[in-house]
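Chain by chain, the residues run as shown.
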Amino acid sequence: MDKKLLDILVCPLCKAPLVYLKAEQELICRGDRLAYPIRDDIPVLLADEARELGPEEEVPEGPKTA
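Just so it is clear, the model here is predicted, and its values are computed rather than measured.

Trainee: Which residues make up the side chain of Glu 26, and what values go with them?
Mentor: For Glu 26, the location among the structural elements is in strand β2 (residues 26-29). A polar atom in the side chain of Glu 26 sits 2.8 Å from the side chain of Arg 51. Those residues in contact with Glu 26 that lie beyond four places of it in its chain are Val 19, Tyr 20, Leu 21, Ala 35, Tyr 36, Ile 38 and Arg 51.

In structure tokens, the structure reads:
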């Protein structure tokens, strides 16, 4: 995923920075505990497409990771 794009992407609901999980191909909003999918290198930032993180799922620290 392009670094410049990652720098400007925010959660569409709360406008918080997103955490990029490369292996899972997801962008995580820590505040809302939502995981937005990345399909064919395109982030799908729609609340209807996001999955809620379970209570056992650990949310990574920091705004962006590789």
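Trainee: Give me the confidence of the model for the protein chain: which residues, what numbers.
Mentor: When pLDDT is averaged along the protein chain, the result is 90, and 92% of the positions lie at 70 or above. Ranking the helices and strands of the protein chain by mean pLDDT puts strand β3 (residues 34-39) first, with 97, and helix α1 (residues 3-8) last, with 88.

Trainee: Summarise the pairing of β2; cite the residues concerned and give the values.
Mentor: Two faces, one strand: in a regular strand the side chains alternate between the faces of the sheet. Residues Glu 26 and Ile 28 of β2 are buried on one face, and the alternating residues Leu 27 and Cys 29, pointing to the opposite face, are buried as well. Hairpin geometry of strand β1 (residues 19-21) and β2 is characterised by an intervening segment of 4 residues between the two adjacent antiparallel strands and by a positive phi of about 55° at Gln 25. Two elements, β2 and β3, share 4 bridges in a ladder whose sense is antiparallel. In the strand pairing of β3, Glu 26 is matched with Pro 37. Adjacent in sequence and paired antiparallel, β2 and β3 are bridged by 4 residues, among which Arg 33 carries a positive phi angle near 55°.

Trainee: Tell me about the pattern of salt bridges, residues and numbers included.
Mentor: Summed over the entire model, instances satisfying the criterion amount to 4 salt bridges. We note a salt bridge from Glu 26 to Arg 51, for which the minimum N-O separation is 2.8 Å. Residue Glu 26 is located in strand β2, and its partner Arg 51 is located in strand β5 (residues 51-52); the two are separated by 25 residues in the primary sequence. The salt bridge involving Glu 49 is made with Arg 39; its shortest N-O contact spans 3.0 Å.

Trainee: Lay out the environment of Lys 15 in plain terms, naming residues and giving numbers.
Mentor: Mapped onto the secondary structure, Lys 15 falls in the loop between α1 and β1. Classification of Lys 15 as exposed rests on a relative accessible area of 56%. Put simply, Lys 15 and Asp 32 are 17 residues apart on the chain and 10 Å apart in space, counted from C-alpha to C-alpha. In terms of polar contacts, Lys 15 uses its side chain to reach the backbone carbonyl oxygen of Pro 12, at 2.9 Å.

Reading the values: rules and limits
Residues numbered from 1 in each chain as written. Predicted model: local features only at pLDDT ≥ 70, side-chain atom pairs only at ≥ 80, totals over all residues. Heavy atoms only, no water. Helix = DSSP H or I, 4+ residues; strand = E, 2+ residues; numbered from the N terminus. Polar contact = N/O pair within 3.5 Å; in protein donor to acceptor, adjacent residues only side chain to side chain. Contact = heavy atoms within 4.5 Å. pLDDT = per-residue confidence, 0-100. Buried < 20%, exposed > 50% of the residue type's maximum accessible area, 1.4 Å probe, protein only. Pairing = 2+ DSSP bridges. Salt bridge = Lys/Arg side-chain N within 4 Å of Asp/Glu carboxyl O.

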